[in-house]
Structures are given as structure tokens and as C-alpha cells.
Amino acid sequence: MIVQVPKISPLTKVLPDEPLLMMGAGPVPIPSSVSWANSIVINHLGETMATIVHQVKAMARYVFQTESKWVLGVAGPGSAAMEMAVANMIWPGEKVLSVCNGFFSERLAEMARRSGGEVVTYQAPEKHCADLDAVKQAIIEHQPKVLTIVQGETSHTVFNRFLPEIAAFAQDNNCQVIVDAVCTLSTMPLSMDDWGIDAVITGGQKGLSSIPGVSLIGFSENAWQRINSRPCQQTHWCLDATLAKNFWHDASYHYTAPVSGLLALHEALRLICDETLEARFARHLRCSHALQKGIEAMGLSLYASEASRLNSVIGICLPDDVKPGQICKHISEHYRVEISGSFGPNIVRIGQMGEQSREHHLFRALHAFGATMRDFGLPMDIPNGMAELEKHLQVKA
């Protein structure tokens, strides 16, 4: 039997005539220079790539705020970086404490189980960040060797604001800390060294405003010592940090690196360095605060409690008879804006990560969202919402 040639339409007939404005929980719009860098292919070995890798590591150390040399890239999504941290730092039979606020923190816990860890979970209260005293008590009670936590749980739009204190307490109790910073890195403060974090993971497609599929991970010196003292063989090959070191630190072969994606990541990191973290944090905070005020002024409620609210992805509560999928489909088809549904709560999510946090994007997204809710018969004060957005965008940090 001979398989027949399939009849496939070209992408020009598959993709929409007008690109959607990506305002969901990721991926995000990318700058034109990042897109240009992603169009280039070079040899994955040799002097040019060695220079690029050296510069990516230097810029990543700035974004991670670490002096550790152990920065590595991952040819895969943020979840692959998660798994690299977990698979290298968690050993079979050892106690792991996973702080859980939603879908992605639960994913970290599941990865820890699959790596053989004896996982204990702490479930944070719904809509709230992890309680500092409760996490401290769990560390004292269970004496974990590793703690996993997300800085910003995008699924429930919750910010674990006590991360610095949790990491410090874990360090004092001989517990290493793995942090998922996929949506928070470069959008809000994170200081790997000062906070005593042992592994920070991030994807390219959110706060960094690069492409999906190429990620970064930073290990502390203590974490690297733990990785090299592993008592049993690593079951992963691609995600073995000691093998990844060949490419990222010795300019030698591990596997064929995603060179175009690395060039895109290089350009995205360069843009962050040009802007500076301080300016970037201020921009994200101002834009998110303004969008939150605009949404509330239209007559809607935000999901997470104000003290625990993430400023890179916000959740908006929907009436019981309106479902996230309906809103996402309508706003996409009628207003050419894409937002995200949820992983449980009856909410939709709007992102403010990287290039999303530009004033013209916020105005378009808020108007499209208000109009969509109005189309579903809900009384929306769209002019008031737009006015509040503009008013709060004028407040400089």
C-alpha cells in the first residue's frame, strides 16, 4: 500500500488574514528584532555560537540576579526547564515539599513524584498566596531536602509574595528551593542570590517576550554541588544538566541546539538589558495596575485577592452562566484579540508580560474585552473603564 500525498493548504490560507493581538497568558507578542533573529540559522557549534552562548549567559545572570556560573538553556518549553531542575535536584526516596496554588505548581509536584521524590504538598488558600507561617511549619514538620514553588501561578493569577522569606527559611533548614518564574522573570523583582534560591526556571514566551520552545535555567553553586553528588544515575539524557554543561560551558556537543531560538532569546535578553530591570518592573506594575482599575471601572471583579494578585497575568471573574471558552472565542473572532481561559475557576485571563505591557495594546485589549462582555448582555461601562485605564497609565512610577 502506498500512502497518498495529503492535500494541505498553505499557511496563508490557514492563518487569519489579520493577526490576533496576543493578550493571553502566553505566548506574547514579540519585538520585530526578536522575530528577525529567529529567522537566522547558523552552525550550532563553532566560535560564533560560542560567543552567542557566552553573551546569553551573561545577560541571563543579570535577569536572574545571580553570580552563579551555572546558567543553562533548554531546547524545550518552560515545562522542560521545570523537569530539568526537578530531575537533576530531586533524588528517589527524598522528601520534597511542593507549595501549590494551581495547575503549574501541581505540575512541579507531579514531576517530583515521577522523579522518585516523596512529595508532600501544601495547598494555599484559594485566591491567596501561600501562607508564610504554614509553609514554615511544613518545612519544620517534614524536613524536605527540596521545596518547589511558583513565584506567579498563572493558572489562578496568584503571586506568592512571601517567596523571599520562604526561600530564606528553607535555606536555614538545609532545604534547596526550585522556583518557577516563567511569567514573572523580568516583569517583577526576583533576586536569585539575595533570596537564596537554588534553581530558577523560565520560558521564553512570556515575560522575556521571546519565542516558545527555548527556555533558561539557573542553578546556584549549592545546587550544582548537589547535582554532582547524585547517588544514582540520572534517568534523563537530554535533560541531564551535567551533559548540558558540555554545550553551555565547554563549547562542545550535547545535541543540536535550537540555534534560531537561541538567537531570538539573545535578542530578547538584550532588549531587557537595554531597558534595565528597574524600568521594566516599573512599566509592568504601572500597566497592570491601570488595566486592573479599568476592568473594575467597567463593573467587573478580579479573581485573586489584591494582596496576592499577580501583575503579569490577571484573572477576571465571569457570571456563572458565561463560560471562559465563549468569551475567548467571541473576542478572537469579532475583535481580533486573544485572551486565555482558565484551569478551573470560572475566569478569563489577560496578560501583561513583556510586549503586552504597552499602552496601545492595553487600550485595544480592554475595549475588546468590554465590548465582548457587552455582546453577551452584561451591562458594561466601557467609557468609564477606558478613562480609568488612561488615568492610571498617566501615573509614573
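Preceding this section is the structure that the text describes.
Nothing here was measured: the structure is a model prediction, and the numbers come from that model.

Now, about the packing of aromatic side chains: what can you tell me, with residues and values included?
For the structure on display, the rule yields 6 aromatic pairs. Here tryptophan 70 and tryptophan 224 contribute two aromatic rings whose centre-to-centre distance is 4.2 Å and whose plane-to-plane angle is 5°, an arrangement assigned as stacked. Of the two residues, tryptophan 70 is situated in the loop between α3 (47-64) and β2 (71-74) and tryptophan 224 in helix α9 (residues 221-228); the sequence distance between them amounts to 154 residues. Residue tryptophan 70 is classed as buried on the basis of its relative accessible area of 9%. Given the relative accessible area of 6%, tryptophan 224 is considered buried. A centroid spacing of 5.6 Å and a plane angle of 75° characterise the contact between phenylalanine 104 and phenylalanine 343, whose relative ring orientation is edge-to-face. A residue pair is termed long-range when its members are at least 10 positions apart, and phenylalanine 104 in helix α5 (residues 103-114) and phenylalanine 343 in the loop between β12 (337-338) and β13 (347-351) qualify at 239 residues. When its relative accessible area of 16% is taken as the criterion, phenylalanine 104 is described as buried. Accessibility expressed as a relative area gives 38% for phenylalanine 343, which makes it partly exposed. Members of the aromatic cluster, each reached through a chain of ring pairs, are Trp70, Phe219 and Trp224.

Explain unusual backbone geometry to me, and be specific about the residues and the numbers.
In this model, glycine 26 is joined to proline 27 through a cis peptide bond whose omega is 0°. Assignment of secondary structure puts proline 27 in the loop between β1 (21-22) and α2 (32-37). If you check the backbone angles, glutamine 65 has positive phi at about 60° while not being a glycine. One can find glutamine 65 in the loop between α3 and β2. Classification of glutamine 65 by relative accessible area gives partly exposed; the value is 34%.

Quick rundown of empty space enclosed by the protein? Include the residues and the values.
Following the criterion strictly, the structure yields 1 cavity of 30 Å³ or more and no others. Approximately 120 Å³ is the volume found for the largest cavity. Along its surface, the largest cavity is lined by 15 residues, and Gly73, Ala75, Phe247, Trp248 and Tyr255 are the ones closest to its centre. Elements that contribute at least two residues to the lining of the largest cavity include exactly β2 and α10 (241-250). If you tally residues by element for the lining of the largest cavity, the top one is α10, at 3 residues. A class-by-class count of the residues in the lining of the largest cavity yields 13 nonpolar, 2 polar and no charged.

Please set out the sheet that holds strand β9 (residues 199-203) residue by residue, giving values where relevant.
As summarised here, the arrangement of the 7 strands in space is β2-β10-β9-β8-β5-β3-β4, forming an open sheet in which the pairing is mixed. Edge positions in the sheet fall to β2 and β4 (118-123), since each of these pairs with one other strand and no more. Within the sheet, the average angular offset between the axes of one strand and its neighbour, ignoring direction, is 20°. Bridging between strand β3 (residues 95-100) and β4 involves 6 bridges; their strand directions are parallel. Residue leucine 97 lies in a different strand from β4, and its bridge partner there is valine 120.

Thresholds applied
Residues numbered from 1 in each chain as written. Predicted model: local features only at pLDDT ≥ 70, side-chain atom pairs only at ≥ 80, totals over all residues. Heavy atoms only, no water. Phe/Tyr/Trp six-rings, centres within 6.5 Å; stacked < 30°, edge-to-face > 60°. Helix = DSSP H or I, 4+ residues; strand = E, 2+ residues; numbered from the N terminus. Buried < 20%, exposed > 50% of the residue type's maximum accessible area, 1.4 Å probe, protein only. 1 Å grid on protein atoms, 1.4 Å probe; cavity = no way out; pocket = protein on both sides within 12 Å on 5 of 7 lines; lining within 4 Å. Points joined across faces, edges and corners; volume = space filled by probe spheres on them. Nonpolar A, V, L, I, M, F, W, Y, C, P; charged D, E, K, R; others polar. Pairing = 2+ DSSP bridges. Axes fitted to C-alpha atoms, helices over the stretch in contact; angles between N-to-C directions.

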